[in-house]
Structure formats: structure tokens, C-alpha cells
Amino acid sequence: MSPRALLHNRRAAVGASILVFFALVALLAPLIAPYSPSNMNYTPGLAMSAKHLLGTNSNGQDIFSQLIWGARTSLSVGLLTGTLICLVQLVMGVFSGYVGGKADTALSSVTNVFLVLPTLPLLIVLSAYLRGGSVFVLVGVIAITGWAWGARVLRAQAIALRNRPFVEAARISGESRWHIVLAHIVPNMLGIMVANFFGAALFAVLAEAGLEFIGLGNPSTVTWGTMLYWAQNSEAMLQGMWVWILAPGLCILLLGTSLGLLNFAVDEIANPNLRRD
Amino acid sequence: MRYLLRRVAVLLLTAWVAVTVNFALPRLMPGDPASNMIARYGGQMSPRAREAIMIDFGLNTHQSLLGQYFSYLGQILTGNLGTSYTFFPASVTSMIRQALPWTLGMVGFATILAFLFGIGLGMVAAWRRGSASWHRESRLDTALVPTGVMLSAMPPFWLAMMLVYFVSYKLGWFPIGGGIKPGLAKSSSAGLIDIARHAVLPAFTLTLIAMGGWILLMRNSMLTVLNDDFVKFARAKGLPNRSIAYRYAARNAILPIFTQFAMALGVVVGGQVFIEIVYSYPGIGYLLLTAVYNQDYPLMQGIFLIFTLTLLLANFLVEMLYVFIDPRIRVEAGK
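Rules used throughout
Residues take numbers from 1 onward in each chain, read along the sequence in its written order. Naming scheme: in the order in which they are written, chains are lettered from A and ligands are numbered from 1. Local features are withheld for residues below a pLDDT of 70 in this predicted model, meaning they are given only at 70 or higher, and side-chain atom pairs are given and counted only at 80 or more; totals for whole chains, interfaces and linings count all residues. Computation of side-chain values covers all heavy atoms of the structure but excludes hydrogens and water. A run of DSSP states H or I qualifies as a helix once it reaches four residues; a run of E qualifies as a strand once it reaches two. Both are numbered from the N-terminal end. Only protein chains enter the accessibility calculation, which uses a 1.4 Å probe; a residue whose area is less than 20% of its type maximum is buried, one above 50% is exposed, and one in between is partly exposed. Computed with the Shrake-Rupley method and a 1.4 Å probe, the accessible areas treat only the protein chains shown as cover for residues. Asp and Glu are treated as the negative residues and Lys and Arg as the positive ones, with His and the ends of the chain left uncounted. Charge positions are represented by NZ for Lys, CZ for Arg, CG for Asp and CD for Glu. Only heavy atoms enter the contact rule, under which two residues are in contact if any of them lie within 4.5 Å. Each of two parts loses accessible area, computed with a 1.4 Å probe, when they are put together; buried area is these two losses added. Polar contact is defined as a pair of N or O atoms within 3.5 Å, subject to the rule that within protein one atom must be able to donate a hydrogen and the other to accept it, and that residues adjacent in sequence are counted only when both atoms are side-chain atoms. Polarity classes work like this: nonpolar for Ala, Val, Leu, Ile, Met, Phe, Trp, Tyr, Cys and Pro, charged for Asp, Glu, Lys and Arg, and polar for all others, with Gly in that last group. Axis lines are fitted through C-alpha atoms, for helices just across the contact stretch, and the angle between N-to-C directions can take any value from 0 to 180 degrees. Angle categories are assigned with fixed cut-offs, so that under 35 degrees is roughly parallel, over 145 is roughly antiparallel, 65 to 115 is roughly perpendicular, and the rest are oblique. Rotating anticlockwise by less than a right angle from the far helix to the near helix defines a left-handed crossing, while the corresponding clockwise rotation defines a right-handed one. Here the nonpolar core consists of buried residues drawn from Ala, Val, Leu, Ile, Met, Phe, Trp, Tyr and Cys, with membership extended through side-chain atoms lying within 4.5 Å. In this scheme, patches are assembled from residues that exceed 30% relative accessible area and form no salt bridge. Like charges are connected within 9 Å, while nonpolar side chains (Val, Leu, Ile, Met, Phe, Trp, Tyr) are connected within 5 Å. The salt bridge definition used is simple: a Lys or Arg side-chain nitrogen within 4 Å of an Asp or Glu carboxyl oxygen. Two rings from Phe, Tyr or Trp (for Trp, the six-membered ring) form a pair when their centres sit within 6.5 Å of each other. Planes less than 30 degrees apart are called stacked, planes more than 60 degrees apart edge-to-face, and all others tilted.

**Considerations on the overall build of chain A**
- For chain A, the count of helices and strands is 13 helices and zero strands.
- If you list the helices and strands of chain A from N to C, you get α-α-α-α-α-α-α-α-α-α-α-α-α.
- Structurally, chain A occupies a C-alpha span of about 75 × 45 × 30 Å along its principal axes.
- Per-residue burial over chain A gives 54% buried out of 277 residues.
- Just so you have it, chain A exposes about 11,500 Å², and 65% of that area is on carbon and sulfur atoms.
- Counting 15 positive and 10 negative side-chain charges, chain A places the averaged centre of each group 6 Å from the other.

Structure, rendered in C-alpha cells:
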């Protein structure tokens with residue numbers, strides 16, 4: 001899988017463009033946002049206008065500015081959790097599959113248990129116990145609940161690669177187990193790992209927004225999830241303030257779609273059966 | 001038979017682990033639920049009432065951890081999940097029993113619909129691409145893949161909110177929320193119709209959420225099968241397209257995606273919780289939120305346990321079904 005192959009894939013190109021767009025918005029938030037996202041001094045419930053592009057919410061905050069600042073949290077939670085999940089999968093999937101034996105039996109039975117624990121209820125229960133925590137608590141909780149499926153896939157791949165001649169050669173030449181995993185196994189399953197990363201990031205973005213929506217995040221921070229939380233709790237719908245609901249949800253959907261497209265496209269490039277020749 | 005026994009053993013083992021996790025969770029977390037409960041009464045509580053609450057939570061300080069664990073196991077085996085604090089003096093079991101049918105009905109319905117539609121669309125997308133490939137991209141496939149991706153990236157609560165606003169509130173086609181009009185008997189025919197009217201929108205939302213994954217899985221699985229030699233051979237023999245698509249490719253493409261059922265079910269259950277919250281649907285997800293808001297830990301844990309056991313059982317049944325439909329596994333299992 002080369003970067004060039006990604007650029008030639010239309011789905012990957014679209015996904016990457018959306019992701020870059022959101023990354024720019026997140027980075028440049030202080031420059032783009034017309035107002036402070038937490039300033040509550042505007043007239044509540046204003047409709048869309050030139051002054052307030054998406055109007056104001058019932059707390060008197062500028063919705064457009066909140067939307068821009070919200071990109072920071074969603075994006076960083078997605079990428080950070082995706083990375084964390086990948087690291088867990090590296091141990092629980094790749095390493096476990098490569099070493100085999102008792103270590104593998106132990107690690108993969110842990111994976112199998114996590115596989116059947118209901119993800120979202122577990123997320124809700126964990127966050128309820130750790131209530132009021134920072135975004136990092138959310139990241140940790142999401143990472144704990146979201147790694148199992150990918151680990152299983154990676155383990156199967158590692159088992160398939162374990163007895164290939166080049167791996168045997170590395171083993172005979174006395175390289176350490178982690179060195180073999182990182183230098184010989186991982187590069188040969190990079191496609192799947194990258195696809196997994198985007199899948200995990202998508203899961204994290206949705207989970208973070210969902211937990212915040214039901215009030216299990218920190219409601220005083222400005223994110224797309226907490227925007228929806230406040231909108232729901234202020235009965236924005238019944239007051240006809242649909243922009244307040246539409247805008248953050250649409251952003252979550254767009255960011256999620258970009259991660260999903262990248263996940264799908266990388267998978268497509270790495271898997272010869274799905275490729276168009 | 002030996003295969004079946006082994007699967008049952010794995011099922012029981014996983015159930016035991018899940019129960020143990022459920023036992024360990026509140027004890028690992030910072031602050032104990034009993035103190036939280038007591039704090040809610042602002043310290044206005046006699047030492048004896050305090051003691052009673054501790055015992056009721058199974059956090060009896062006079063008992064060793066191991067003793068607590070065994071009495072917890074005993075309680076679960078007898079179906080005793082403790083007392084709910086929100087709905088005092090109702091037991092957790094009775095609350096769950098009331099809510100469960102609502103959720104099971106909808107999850108079952110939406111899972112089947114999403115599976116059928118998702119499989120169908122994924123199959124057609126792959127087939128169109130497979131047959132139109134040399135000259136041009138199939139428009140259907142080009143459209144269906146992003147649709148599937150978008151559906152899987154859709155925040156379920158947001159989709160539910162938008163549908164409530166536009167379809168229920170603006171157009172007035174369906175009720176805004178709830179499971180049945182208050183005061184209506186569930187078994188009367190008017191009651192049943194009302195239940196159905198309340199269920200349409202949540203079920204539709206859930207079906208859409210659950211469908212995306214199936215479309216993508218089936219498409220990719222079908223494309224893989226279409227590359228197989230037996231399909232090429234069938235083409236070479238000049239068999240009619242329809243027969244290659246359905247009798248050769250699709251039947252074999254469905255098999256591998258069955259193994260992803262566990263993940264798909266997780267998506268449905270997650271979506272269900274959010275959808276119930278937005279539609280105030282009286283199922284178990286809504287109950288879970290009530291428990292979370294009221295810091296009703298016994299209820300929360302009971303619900304988590306039920307979720308886990310139900311998922312376990314569902315996965316077990318799917319696995320059995322898989323053995324039944326895939327002769328290769330059956331032969332292997334018979335050994």
C-alpha cells in the first residue's frame with residue numbers, strides 16, 4: 001500500500017479532503033471563529049443572520065463559533081483514541097498471534113470476553129462511575145471498550161504470517177520477539193492496521209459525541225456532543241431552533257464519513273479481491 | 001455433539017466472566033455507590049439505615065470480598081438483582097422485566113429488516129460492479145458504498161432527533177415519543193395499533209443505522225466470492241446471470257459475514273439505547289439512562305448484566321445457526 005495508491009482512490013481522496021478540512025478548521029479555530037464559543041452575552045435564540053451566521057442558542061452563545069471550536073475536541077479525541085486502540089491491538093492482536101502458546105491463549109481469551117461485552121452499555125456504565133471527568137477520561141474509556149474486534153482480525157493475520165520464511169529467518173538470526181513483530185510482521189499488515197485505525201477513530205468520534213449527548217462528558221466544555229446535549233435539554237426542537245441540532249450533528253456525520261471512507265478505501269487497496277484492475 | 005458441548009462450555013465461561021466483571025466494576029471504581037447514595041440524603045441518615053443500604057448493595061463491610069462475591073453469584077442465580085433506588089421499593093428484576101419486551105421487540109425487528117435490506121443492497125452493488133466492470137463504473141455501486149459508509153457514521157441520536165423534529169413535530173405523522181398513549185390497555189386492539197404507531201419511527205431509525213454495515217460487508221464479501229474460480233467457471237459455462245448471482249455467489253458470500261454478527265448486534269444495541277433516549281421509548285436503554293441520571297447503581301448494573309447475557313445468548317444462537325447452514329463447519333464439528 002503506497003500513499004500514491006491512496007491518492008488514486010476516489011473514496012480515499014474525498015475522505016482525506018474532508019479530514020484535512022476539519023483539521024484546518026480545528027487548527028485555525030481562534031482565527032476563523034468570529035466570537036468566543038463560551039461567551040453567553042448575546043441575545044438568546046437569534047435566527048441566522050450576517051452577524052451570527054448560524055444564529056445563537058438559548059444560552060446566548062454563537063452557534064457558528066461553537067461549531068468551529070468543537071472540531072478541536074472531536075478530531076483530537078478521534079485521532080488520540082484511534083492511536084491508543086491501535087497500540088492495544090498491537091499487543092492483544094499482533095503480538096498475541098505471533099508468539100502463540102500460553103501467552104496467546106491468555107490474551108485472546110481476554111479479547112473474546114471483550115468481544116461479547118456490550119460496548120455502548122459498558123461505555124455508559126464506566127463513564128457513569130467516572131462521571132464529570134475530563135476528555136481524557138472519555139478517551140480512556142472509549143479505548144478500553146473499542147479495541148477487541150480489530151485485535152481479533154490482526155491476530156488472525158499475525159498467525160498467517162508467523163511461519164512465513166522471512167519471519168523464520170529473522171527468528172533464526174536471533175532477533176527479539178518485539179523486533180520481529182515491529183520490523184517484519186507489522187509492515188506486512190500495515191494496510192489492515194491503517195484501516196483499523198480509521199475504524200477506531202470513527203468509533204471514538206461517535207462514542208464521544210454520544211456520551212456527551214447524554215450528559216456523561218463535561219457539559220461546560222464546547223464540543224459537538226455537548227452542543228447537542230444543551231440543545232436537547234433546552235428543548236431546541238420545540239422552539240424551532242433546528243439549526244442548533246442540525247449543524248453539530250452534520251459535522252459529526254461528515255467527520256465520521258471521512259474516517260469511514262478512509263477505512264473502506266485503505267481496506268480496498270490492501271485487499272486484492274476488492275481492487276479494480 | 002462434542003462441538004455443541006464445547007460451545008456451551010465457552011458460553012458459560014464467558015457468562016461467568018461477564019458476571020464477575022459486573023461484580024468487580026463498582027468495587028474498582030473511585031467512591032462507593034452506597035456512600036454516594038448516603039450523600040444524596042445529605043447525611044441525614046441513622047447508622048442503622050446506612051448499614052442497611054450497605055448490605056443491600058452487597059457492600060457489607062463485615063463480609064470478606066470472597067464472601068460478597070459468592071453471595072452475589074447466589075443472588076444472580078436466583079434472579080435477584082437487588083433493589084432499585086429510583087423506583088424504590090421495586091426490584092431491579094421487575095423494572096427490567098417491564099422494559100425488556102419493548103427493546104427486544106424493536107431490536108429483533110430492526111435487526112432482521114436491516115440484515116435483509118443490507119444484504120440485498122450489498123449483493124446488488126457487488127454484482128452490478130462485477131458485471132459492468134470493463135467499460136464503466138456501476139452507478140449503483142458508486143452510490144451505495146458512500147451511502148453505507150454514511151449510515152455507519154451516522155450518530156443515531158442525531159438522526160432520531162432530526163426525524164422527531166421533521167416527521168413527528170412538523171408533519172405530525174407520528175407521535176413525538178413514548179411507547180403507548182397513557183391509559184390505553186396494551187392488549188386492546190386500539191392499544192396494539194397505538195404501540196405500532198409509536199414504534200414506526202424508532203424502528204425505522206434503528207434499521208437505517210444498522211443497515212450501513214451490512215451493505216458494506218455483503219458487498220465486499222460478494223466481490224471476493226465473484227473472484228472465485230467456481231464463479232468464473234459458471235460464467236464460462238454460460239449460466240444465466242441470475243443463477244450465478246443468487247445460487248452461486250450470494251449464498252457463499254453470506255456465510256463469512258455471519259461471523260460478523262456479534263459486531264453488528266453491538267451496533268444495533270448501541271443505536272437502540274440512544275434511540276430510546278431520544279424517543280422516550282420505554283425500553284431498557286431509556287431505563288439505563290434513568291438509572292445513570294439518578295445514580296441508581298443496582299439498576300445500572302442489572303441492566304448491564306442483562307445486556308451482556310442477552311448478547312451472549314444471541315451470539316450463541318447465531319453460531320449454532322452458522323453450523324447448521326455451513327456444511328464445512330458441520331463436518332468439522334462432527335469430528
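What follows continues from the structure just given.
**Regarding the interface of chain B and chain A**
- Each side of the interface is counted separately: chain B has 57 residues, and chain A has 48 residues.
- Summing the contributions of chain B and of chain A, the shared interface buries around 5,000 Å²; its carbon and sulfur component is 75%.
- At the surface where chain B touches chain A, the tally comes to two residue pairs in polar contact (both at pLDDT 80 or more).
- If you list the elements that add at least two residues to the side of chain B that touches chain A, you get α1 (2-28), α6 (139-152), α7 (156-170), α8 (189-226), α11 (261-279), α12 (284-293) and α13 (297-325) of chain B.
- Ranked by residue count, the leading element in the side of chain B that touches chain A is α13 of chain B, at nine residues.
- A breakdown of the residues in the side of chain B that touches chain A according to their chemical character gives 39 nonpolar, 14 polar and four charged.

**So, the packing of helix α6 (residues 119-129) of chain A against α13 of chain B**
- Running from N to C, α6 of chain A and α13 of chain B point in directions that differ by 160°, and their axes come no closer than 10 Å. By the angle between their axes, α6 of chain A is roughly antiparallel relative to α13 of chain B. Where α6 of chain A crosses over α13 of chain B, the handedness of that crossing is left-handed. Seen from α6 of chain A, the contacting residues are Pro 121, Leu 122, Val 125, Ala 128 and Tyr 129 of chain A; seen from α13 of chain B, they are Tyr 297, Met 300, Gln 301, Phe 304 and Phe 307 of chain B.
- Here the contact of α6 of chain A with α13 of chain B is composed, by residue class, of nine nonpolar, one polar and no charged.

**Thoughts on the nonpolar core**
- Ile 124, Phe 213, Trp 224 and Ile 245 of chain A together with Met 222 and Met 300 of chain B are the most contacted members of the largest nonpolar core, which totals 155 residues.
- Within the second largest apolar cluster, 15 residues are counted, among which are Leu 90, Tyr 98, Leu 161 and Val 186 of chain A.

**Some remarks on a nonpolar patch on the surface**
- Residues Val 20, Leu 24, Leu 27, Leu 28, Leu 31 and Ile 32 of chain A make up a contiguous nonpolar surface patch of roughly 590 Å² in combined accessible area.
- Elements that contribute at least two residues to the nonpolar patch include exactly α2 (10-27) and α3 (29-32) of chain A.

**Here's the deal with the pattern of salt bridges**
Residue and element names in this part refer to chain A.
- This structure, assessed with the given rule, holds five salt bridges over all chains.
- For the salt bridge of Arg 11 with Glu 268, the shortest nitrogen-to-oxygen distance reads 3.0 Å. Here Arg 11, found in helix α2, pairs with Glu 268, found in helix α13 (residues 242-270); they are 257 residues apart in sequence, far enough to count as distant.
- The salt bridge involving Asp 104 is made with Arg 155; its shortest N-O contact spans 2.8 Å. Of the two residues, Asp 104 is situated in helix α5 (residues 101-116) and Arg 155 in helix α8 (residues 148-162); the sequence distance between them amounts to 51 residues.
- According to the relative accessible area criterion, Asp 104 is buried, its value standing at 8%.
- The exposure class assigned to Arg 155 is partly exposed, which follows from its relative accessible area of 24%.

**Considering the packing of α1 of chain B against α13 of chain B**
Residue and element names in this part refer to chain B.
- One way to put it is that α1 packs onto α13 with a least axis distance of 10 Å and a crossing angle of 165°. Taken as axis vectors, α1 and α13 run roughly antiparallel relative to one another. In terms of crossing hand, the pair formed by α1 and α13 is right-handed. Across the interface between the two elements, Tyr 3, Leu 4, Arg 7, Val 8, Leu 11, Thr 14, Ala 15, Ala 18, Val 19, Asn 22, Phe 23 and Pro 26 from α1 touch Gln 301, Phe 304, Leu 305, Thr 308, Leu 309, Leu 312, Leu 313, Phe 316, Glu 319, Met 320 and Val 323 from α13.

**A look at the packing of aromatic side chains**
- With the rule as written, the count across this model stands at 17 aromatic pairs over all chains.
- Between Phe 22 of chain A and Trp 224 of chain A the ring centres are 5.6 Å apart and the planes differ by 65°, which places this aromatic pair in the edge-to-face class. Highlighted residues: Phe 22 of chain A in helix α2 and Trp 224 of chain A in helix α12 (residues 224-233), separated in sequence by 202 residues. Accessibility classification places Phe 22 of chain A together with Trp 224 of chain A in one group, the buried group.
- With a centroid separation of 5.5 Å and 90° between ring planes, the pair formed by Trp 102 of chain B and Tyr 281 of chain B is classed as edge-to-face. Of this pair, Trp 102 of chain B sits in helix α5 (residues 92-132) while Tyr 281 of chain B sits in the loop between α11 and α12, and the two are 179 residues apart along the sequence.
- In this structure Trp 102 of chain B comes out as buried when scored by relative accessible area, which is 12%.
- On the accessibility criterion, Tyr 281 of chain B (3% relative accessible area) is buried.

**Concerning unusual backbone geometry**
Residue and element names in this part refer to chain B.
- Even without being a glycine, Ser 280 presents a positive backbone phi close to 45°.
- Structurally, the position occupied by Ser 280 is in the loop between α11 and α12.
- Take Ser 280: its relative accessible area is 31%, and that puts it in the partly exposed class.

**As for the environment of Val 8 of chain B**
- Mapping Val 8 of chain B onto the fold places it in helix α1.
- In the structure, Val 8 of chain B is positioned 118 residues away from Ala 126 of chain B in sequence and 37 Å away in space, judged by C-alpha atoms.

Don't take any of this as a statement about function, it's just geometry.
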